[in-house]
Amino acid sequence: MIYKLSFAVALCFSLCFDLCIAESYVLDDKVGLGRTFDGIGGLSGGGATSRLLVNYAEPYRSQILDYLFKPNFGASLHILKVEIGGDAQTTDGTEPSHMHYENDENFFRGYEWWLMREAEGAVDRFIAAVPFHPCIKLERLPWAFPGWVGHGKNWPYDFPDITASYVVSWILGAKHYHDLNIDYVGIWNERNFDSKYIKLLRYTLDKSGLERVRIIASDNLWQPITYSLCVDQELAEAVDVIGAHYPGTTTVIEALKTQKKLWSSEDYSTFNDEVGGGCWARILNQNYVNGLMTATISWNLVASYYEDLPFGRDGLMTAEEPWTGNYVVESPIWITAHTTQFSQPGWTYLQTVGHLVHGGSYVALTDSNGNLTVVIETMTHDHSVCIRPPLLPFNVTAQNVTFQLKGSFASIKELQVWQSRFDFKTKKPFFFKKLSPFKVNISDGSFTLSLDVDEVYTLTTISTGLKGTYPDPPTSGPFPKVYFDDFNVGKSNPSFSEAPDFADQTGVFEYYINLTDPGPHVFTLRQVVTQMPVTWATDADQTISIIGDYKWQNLTVTCDVFMETVKTGGVFIAARVDKGGQSVRSAKGVFFWVFADGSYKVTNDLVGKTVLAEGLSGTRAYGWHTLTLTVEGQYATGLLNGYPLWKDAVVLGPKNGWAAIGTHSFELAQFDNFAVEAK
């Protein structure tokens, strides 16, 4: 018994000793500085991830934008990266190209132009009150290209001069039509990079007066481009930043040897619950500590797409209900603020950064004018797992830490303190809480901090931090059971080219004003892509746009349709569509097709292999027809122009899904007076 007591006392003493004795860390700029900080950003695109945001009514839309971009309010992002739409499926949907065809240019398609203007506007309004605050940086990257760029091949670099001109035209259009200065252009594809194209793009940019635009390559993997940069001087002169996607906080020695800026140019991709917030907290620090990466960009910016699409709710915040106005400010917003509100692009990391002895990490940045910001994270393994890459085991325990300020920081007497605690045990987390300032020990420039696991701290000389708030948004609710759109927004000169809440999955459906038609169908929605795009994902052979509530089971879908392809043309309306995004080719549901050859078909899948009913319809191109599809339990019925065409087709599945419209192939077709009534 005496032995057991002695062991218990010894164990208690040991634990107390470990916790009470503080490990010491020095923050000193006399030993030299590290790399220049380039910022924290978010990515709109790579799959139509901001699709629903533009459909929010005010004031909720502006509130969401403020949480993302407004300085000293929320995430206060430094970088906005957007997709150059390529008319192709790139994860959760398609974004329209500014050039559907070689002789076509339109710089008002889609919503990325609007988003970039709004992001700059949020910063500009702040700058008016706080001069000399850095502007937001704009980056763009094409994930895909219209089919004409590849000349019939699924590869955009066989004709690099065409591809370079296509990309540069977008940058020039951004300036000419929207007064947007693009700072960075990325080069990415799943297979490899093309050095000839990179050099030609640099030449084309310079020739077009865009010398200030920097190139990020390969904006995908560290290798093989880092090898090439070391042996190809012309390529090295063309590339300014090496970007990697999901680097797992590490880089490769060859990338470091290039002396180029290193970015995690796409990262995170993790469900935005508290584990997702922990992932973001860990990589924001450790991307620099482990990999010397000076910028980290989240895919995605805001989860503003149907949640049942791939990677649902993988944004920094959630805004997926424009029909109610509901949105959720998730933990990654406030984790971002720990860095972005207290440091700016152009600040410099100290060389004295690293890992804490008992787990976690710390970084320190300075503006070289006396200001210092220190960000500390103690995220444990299971509470900071990102979707990719796999995370190796590690341990984090509670600990005391002492930081000693030296060099130009020795005279600092007080630091502002902000804390976030995930608190997975009690389920009572708090984020971005302002604490009482820390007094620095005058005699030796030190301060001691007690750190628990799964916490984030910012200690800073900057006093302008603010946890911005708005009144609670409206309550969350499902998509309306009764919905109608006549697409007549054309009457008021639409700000966006796509109809509210429709999420194009293959093809592009845009507002169309038919000035030659004086009848009721002057304003329609038109599928405009006529050639398979160049894309890394696999587009379906049919075009499709989804809408509504994924939980819908019993419903009636009605739409007027107009085929523009003689003999081979075809269109459909659908219910219970169960897949979108990269999986859209395998979508099942109930699809009611009519064709320009006078036939109809009812299928249980998008590819049209499982036929439930078929026959003659009398439908032709260049005439309007009204289709009505009713699905009730295991049976479906279809009307053509108000008259029964088929009935009681047995539905094999699925039990629920979205409503949809689409075409038989990449072809021109129009839709009008779309309506849904769900039970």
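Residues numbered from 1 in each chain as written. Predicted model: local features only at pLDDT ≥ 70, side-chain atom pairs only at ≥ 80, totals over all residues. Heavy atoms only, no water.

- You'll find the protein chain entered in an unreviewed UniProt entry as Galactocerebrosidase, with Salmo trutta given as the organism.
- For the protein chain, the Function (unreviewed entry) comment in UniProt is given as "Hydrolyzes the galactose ester bonds of glycolipids such as galactosylceramide and galactosylsphingosine."
- For the record of the protein chain, the UniProt heading Sequence similarities (unreviewed entry) holds the text "Belongs to the glycosyl hydrolase 59 family." (UniProt positions renumbered as here; feature names shortened; annotations may be inferred.)

**Looking at helix α5 (residues 195–207)**
Logical step 1: A rise of 1.5 Å per residue sets the reference length of α5, with its 13 residues, at 18 Å; its end C-alpha atoms lie 18 Å apart and thus fit the reference within 8%.
Logical step 2: Here α5 has its buried residues at Tyr197, Ile198, Leu201, Arg202, Thr204 and Leu205. Projected down its long axis, α5 shows its buried positions confined to an angular sector of 165°, all on one face. Set apart from the buried face of α5 by more than 90 degrees, the exposed residues are Lys196 and Lys207.
Logical step 3: Sitting at the amino-terminal end of α5 is aspartate 194, which places a side-chain oxygen 3.2 Å from the backbone nitrogen of lysine 196.
Logical step 4: Glycine 209 lies just past α5 and shows a positive phi near 80°. (Helix = DSSP H or I, 4+ residues; strand = E, 2+ residues; numbered from the N terminus. Expected span 1.5 Å × (residues − 1). Buried < 20%, exposed > 50% of the residue type's maximum accessible area, 1.4 Å probe, protein only. Arc of directions from axis to C-beta. Polar contact = N/O pair within 3.5 Å; in protein donor to acceptor, adjacent residues only side chain to side chain.)

**Considerations on the state of the cysteines**
Logical step 1: Enumeration over the complete set of coordinates arrives at one disulfide.
Logical step 2: What pairs with cysteine 279 in a disulfide is cysteine 386, and their sulfur atoms sit 2.0 Å apart. On the sign convention where negative is left-handed, the bridge of cysteine 279 and cysteine 386, at about 100° about the S-S bond, is right-handed. Separated by 107 residues along the polypeptide, cysteine 279 in helix α9 (residues 274–291) and cysteine 386 in the loop between β17 (372–377) and β18 (399–405) bring together distant segments of the chain.
Logical step 3: Here cysteine 279 falls in the buried class, since its relative accessible area comes to 0%. (Disulfide = S-S within 2.5 Å.)

**Some details on the domain arrangement of the protein chain**
Size of an interface, as often reported, equals the accessible area lost when the parts are brought together.
Logical step 1: What the domain assignment lists for the protein chain is domain 1 (37–320) and domain 2 (482–678).
Logical step 2: Each of domain 1 and domain 2 has a C-alpha centre, and the two are 32 Å apart.
Logical step 3: With 41 residues of domain 1 at the contact, the number on the domain 2 side is 35 residues.
Logical step 4: When the buried surface of domain 1 facing domain 2 is broken down by residue, Arg51, Gln89 and Tyr306 rank first, second and third, together holding 24% of it.
Logical step 5: Counting across the domain 1 and domain 2 interface gives one salt bridge.
Logical step 6: Between arginine 109 and glutamate 510 there is a salt bridge, with the nearest N and O atoms lying 3.6 Å from each other.
Logical step 7: At the junction of domain 1 with domain 2, the criterion picks out 19 residue pairs in polar contact (both at pLDDT 80 or more). (Domains from an automatic or database assignment. Contact = heavy atoms within 4.5 Å. Buried area = accessible area lost by both parts, 1.4 Å probe. Salt bridge = Lys/Arg side-chain N within 4 Å of Asp/Glu carboxyl O.)

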